[in-house]
Amino acid sequence: LSPDEDGICSGRYFSESGLVGLLEQAAELFSTGGLYETVNEVYKIVIPILEAHRDFRKLTLTHSKLQKAFDSIINKVILRQGAIRKTHCWAVLTKITLIALLPFQGFYGQCFGEDAVEVIKDSAPVDKRKLDPNKAYIQITFVEPYFDEYEMKDRVTYFEKNFNLCRFMYTTPFTMDGRPRGELSEQYKRNTILTTMHAFPYIKTRISVIQKEEFILTPIEVAIEDMRKKTQELTAATNQEPPDAKMLQMVLQGSVGATVNQGPLEVAQVFLAEIPADPKLYRHHNKLRLCFKEFIMR
């Protein structure tokens, strides 16, 4: 739309009442789509206009719709907490990945031929010299939202952590001898951060990546990251309301179980048994000690 176009600004939507009507329609669509948190954001624009016009009838209707939206948010949180207690998260992620992969591969198989399309299912760097120039390759990996520490202060709820996202991260484990997995003392990790042109969710399901950053974690840094994650899981399980003994038992078994390979006990034996000879590792050594202290306090 261009303001220079004849009559474009004289339409019924290019007025205050037209704007209110469009915003109310948007709020209804967000509510129908289950995005109840965005309903509140839309009505934040509408309410001052209605207040300026002393339109108390519409204000009454608007606040009743907001109440329904807030009730739906509360019910959704309760249902999500119940689903977390009853569902094994890794099983769900595996099913979603498989379901999403099949139609994706089938679509491009129909476009270019099934024999001409090959899917690369890991996130390791691809050597283009080893690829067949007569084939189309699609690399699929799992990403998760990435936030800086200062962002986490403002992203508290489930909705805030999964809405308006433009930075994502995926990790690639590797060792210096080329293997993806190894002993704790030789396990490195490459974290790749992707920045998209627009924030998700968007009107398009695929958005171009405009920036790519990579940084490598040393074995002791990998151990620090793992211990922080275990502490967060344990904190969430112990602070859960209402308490869930099964969830807590599952987290404890995965964290401190004697049969768990590369668990906290082995991490302590590998990295904390002796003071590191390299002075550059003193800071990481102390960080890991503090991680263990916090883990034990939980």
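Residues numbered from 1 in each chain as written. Predicted model: local features only at pLDDT ≥ 70, side-chain atom pairs only at ≥ 80, totals over all residues. Heavy atoms only, no water.

Peer 1: Go over the overall build of the chain with me, naming the residues and quoting the values.
Peer 2: Each helix and strand counted, the chain has 10 helices and six strands in total. Of all 298 residues assigned to the chain, the portion counted as buried reaches 29%. Here the contacts in the chain between residues at least 6 apart in sequence split such that 48% fall between residues at least 24 apart. Accessible surface, the chain: about 21300 Å² in total, of which carbon and sulfur atoms supply 58%. (Helix = DSSP H or I, 4+ residues; strand = E, 2+ residues; numbered from the N terminus. Buried < 20%, exposed > 50% of the residue type's maximum accessible area, 1.4 Å probe, protein only. Contact = heavy atoms within 4.5 Å. Areas by Shrake-Rupley, 256 points an atom, 1.4 Å probe, with all protein chains shown as cover.)

Peer 1: Which residues make up the confidence of the model for the chain, and what values go with them?
Peer 2: Looking at the chain, pLDDT values average 80 and 85% of them are 70 or higher. When mean pLDDT is taken per element in the chain, helix α2 (residues 36-52) scores highest with 93 and helix α4 (residues 89-112) scores lowest with 53. In this model residues 83-100 is a low-confidence stretch, pLDDT under 50, and it forms eight contacts with partners more than four residues away in sequence or in other chains. (pLDDT = per-residue confidence, 0-100.)

Peer 1: Give a description of the packing of aromatic side chains that names residues and reports values.
Peer 2: Counted by the stated rule, this structure contains three aromatic pairs. Their ring planes at 25 degrees and their centres at 5.7 Å tell us that phenylalanine 174 and tyrosine 188 sit as a pair that is stacked. With phenylalanine 174 in strand β4 (residues 165-174) and tyrosine 188 in strand β5 (residues 188-200), the pair connects residues that are 14 residues apart, well separated along the chain. No difference in accessibility class separates phenylalanine 174 from tyrosine 188, as the two residues are buried. (Phe/Tyr/Trp six-rings, centres within 6.5 Å; stacked < 30°, edge-to-face > 60°.)

Peer 1: Mind laying out the side chain of threonine 38, listing which residues take part and the relevant values?
Peer 2: Tracing the sequence through the fold places threonine 38 in helix α2. With relative accessibility at 8%, the residue threonine 38 sits in the buried group. Once residues within four sequence positions are removed from consideration, threonine 38 is found in contact with Phe30, Phe159 and Phe163.

Peer 1: Tell me about the side chain of threonine 196, residues and numbers included.
Peer 2: In this fold, threonine 196 is placed in strand β5. Taking the relative accessible area as the measure of exposure, threonine 196 reaches 8% and is therefore buried. Excluding residues that lie within four positions of it along the chain, threonine 196 makes contacts with Leu165, Cys166, Phe168, Ile207, Ser208, Val209 and Ile210.

Peer 1: If you had to explain unusual backbone geometry to someone new, which residues and values would you point to?
Peer 2: Cis rather than trans, the peptide bond between phenylalanine 200 and proline 201 has omega equal to -5 degrees. Here proline 201 lies in the loop between β5 and β6 (209-217). Even without glycine at this site, arginine 54 takes up a positive phi of about 55 degrees. Along the chain, arginine 54 falls in the loop between α2 and α3 (56-86).

Peer 1: Would you mind going over the sheet that holds β4 in detail, with residue names and values included?
Peer 2: The strand order β3-β4-β5-β6 describes an open sheet built from four strands, whose pairing is antiparallel. For this open sheet the edge positions go to β3 (144-145) and β6, each flanked by a neighbour on one side alone. With eight bridges joining them, β5 and β6 adopt antiparallel strand pairing. Paired with isoleucine 193 across the two strands is glutamate 213, which belongs to β6. (Pairing = 2+ DSSP bridges.)

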